[in-house]
Structure formats: C-alpha cells, structure tokens
Amino acid sequence: MPAYHSAFNELSDLRSVGGMALLPIKTRVRGPAPIADASAEDIVDEALNLFRANVLFRNFEIKGDADRVLIYLILFITECLGKLARNPSLREAEKVLGTLALGNFAIPGDATFPLNALYSPPASKMDADLLRQYLSQLRQEMAIRLPNRIYENDKPGKWWMCFQKRKFMNKTL
C-alpha cells in the first residue's frame, strides 16, 4: 500500500525555497506564508489527518515540494508527541509545545538537519531566512492545533500517543 501524498502537489503557482513549497495556511501567527481560505483544508490540517497513516511507512516517495512540507510536519508531530509522553494536562501541553515550536531548529542545508539528502539547501542567505520564518510559522501553528486534536477530557488520546515512539522514515528532527 503506498503512502498518502499531499493534495497540494498539484498547485503550480507556489514559490519554493529549499525544495519546500511555501503553502498557504490558516493562521494568526505572523510569517511569510500566504493566508489560506478559512473553509478549506491547509497543509497543517492535511498533516494532522495523514499523520497516523503515513507514520507507519519507512519509505516515502516524494512527488512534489508539498510532500517535503508534509514530511517535515509529520516529523514535527512525532517530536511533539514525544514531549507529551508524561501525559500533561491540556494547558501544560500547550505551553510545552509552544516552547518547542519557538525553540532553535535546523533547516535544510544545516549540518544537523536529518533529511539533507531529500531537501536542497536555500540558494541565498535571504532564502534561508525566509525558510526559517516559514518553518517557524508552521511549527507554531502545529503547536496550537495539535493539542486540541489529540486531547480528550484533559488527557492525551491513546490513539495518538501510541505513535509517539514510531519513527517516520526512521528519522527524527
């Protein structure tokens, strides 16, 4: 059975930096991403919906720049679930994930980025800054939406937490 790919791969009028498409997202977080239609699904929703199916795959064929964004978000969700392993309350989880989203992280082209073979480095310092801002915006938006999706009665749902030790493509951020 093949992995699920991003529906945004068909969009052709998107800017790409470091092999990642700058996709529109529904957010109030400041950043370079275009604002998506509030009624449509964005890449963050798509990553949350496809996470549990795609995390089981060790191989993932990249069919477009939107798939690279999806891979990054799936790896970030895995990292977030690892931080929630101690079963904190919903409010504590929001704080922990907010701190994680704002923390220092590697971008494609950095020596510590785990998927450098799949991503191209940004062409210039300006592109690197743009990519860092975009990924930071995605991380912050994921940190806002994830707790609301996985928590049930102030406890993390077991059908999400069972994936906390799974490694998508045998990689971690």
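Computed from a predicted structure; not experimentally measured.

Quick word on helix H2 (residues 65-83)
The first and last C-alpha atoms of H2 sit 28 Å apart over 19 residues, in line with the 27 Å expected at 1.5 Å per residue. Within H2, 15 of the 19 residues are buried, which leaves it mostly tucked inside the rest of the structure.

Section: the pattern of salt bridges
Summed over all chains, the structure comprises nine salt bridges. Here Lys26 and Asp45 are joined by a salt bridge, their closest N and O atoms 2.8 Å apart. Separated by 19 residues along the polypeptide, Lys26 in the loop between strand S2 (20-21) and helix H1 (43-54) and Asp45 in helix H1 bring together distant segments of the chain. Overall, the relative accessible area of 22% leaves Lys26 in the partly exposed class. Through salt bridges with shared partners, one network takes in Lys26, Asp42, Asp45, Glu141 and Arg145.

Description of the packing of helix H3 (residues 90-102) against helix H4 (residues 125-150)
Running from N to C, H3 and H4 cross one another at 165 degrees; their axes reach a closest spacing of 8 Å. On the basis of the axis angle, H3 is roughly antiparallel to H4. When you trace H3 past H4, the crossing you get is right-handed. Here H3 contributes Leu90, Glu94, Leu97, Gly98, Leu100, Ala101 and Leu102 to the contact with H4, which in turn contributes Arg139, Gln140, Ala143, Leu146, Pro147 and Asn148. Counted by class, the contact of H3 with H4 contains eight nonpolar, three polar and two charged residues.

Structural notes on the packing of aromatic side chains
Scanning the model with the defined rule gives three aromatic pairs in all. An angle of 15 degrees between the planes, with centres 6.4 Å apart, marks the rings of Tyr72 and Phe113 as stacked. Placement of the pair is Tyr72 in helix H2 and Phe113 in the loop between H3 and H4, with a sequence separation of 41 residues. The pair Tyr72 / Phe113 is uniform in exposure class, with both members buried. With a centroid separation of 5.4 Å and 90 degrees between ring planes, the pair formed by Phe113 and Tyr119 is classed as edge-to-face. What makes Phe113 buried here is its relative accessible area of 4%. Cluster of aromatic residues (ring-pair linked, three or more members): Tyr72, Phe113 and Tyr119. Sitting over the face of the ring of Phe105, Arg132 holds its NZ or CZ atom 5.5 Å from the ring centroid.

About the thresholds
Residues numbered from 1 in each chain as written. Predicted model: local features only at pLDDT ≥ 70, side-chain atom pairs only at ≥ 80, totals over all residues. Heavy atoms only, no water. Helix = DSSP H or I, 4+ residues; strand = E, 2+ residues; numbered from the N terminus. Expected span 1.5 Å × (residues − 1). Buried < 20%, exposed > 50% of the residue type's maximum accessible area, 1.4 Å probe, protein only. Salt bridge = Lys/Arg side-chain N within 4 Å of Asp/Glu carboxyl O. Axes fitted to C-alpha atoms, helices over the stretch in contact; angles between N-to-C directions. Parallel < 35°, antiparallel > 145°, perpendicular 65-115°, else oblique. Left-handed = near helix turned anticlockwise from the far one by under 90°. Contact = heavy atoms within 4.5 Å. Nonpolar A, V, L, I, M, F, W, Y, C, P; charged D, E, K, R; others polar. Phe/Tyr/Trp six-rings, centres within 6.5 Å; stacked < 30°, edge-to-face > 60°. Lys NZ or Arg CZ within 6 Å of the ring centre and 35° of its normal.

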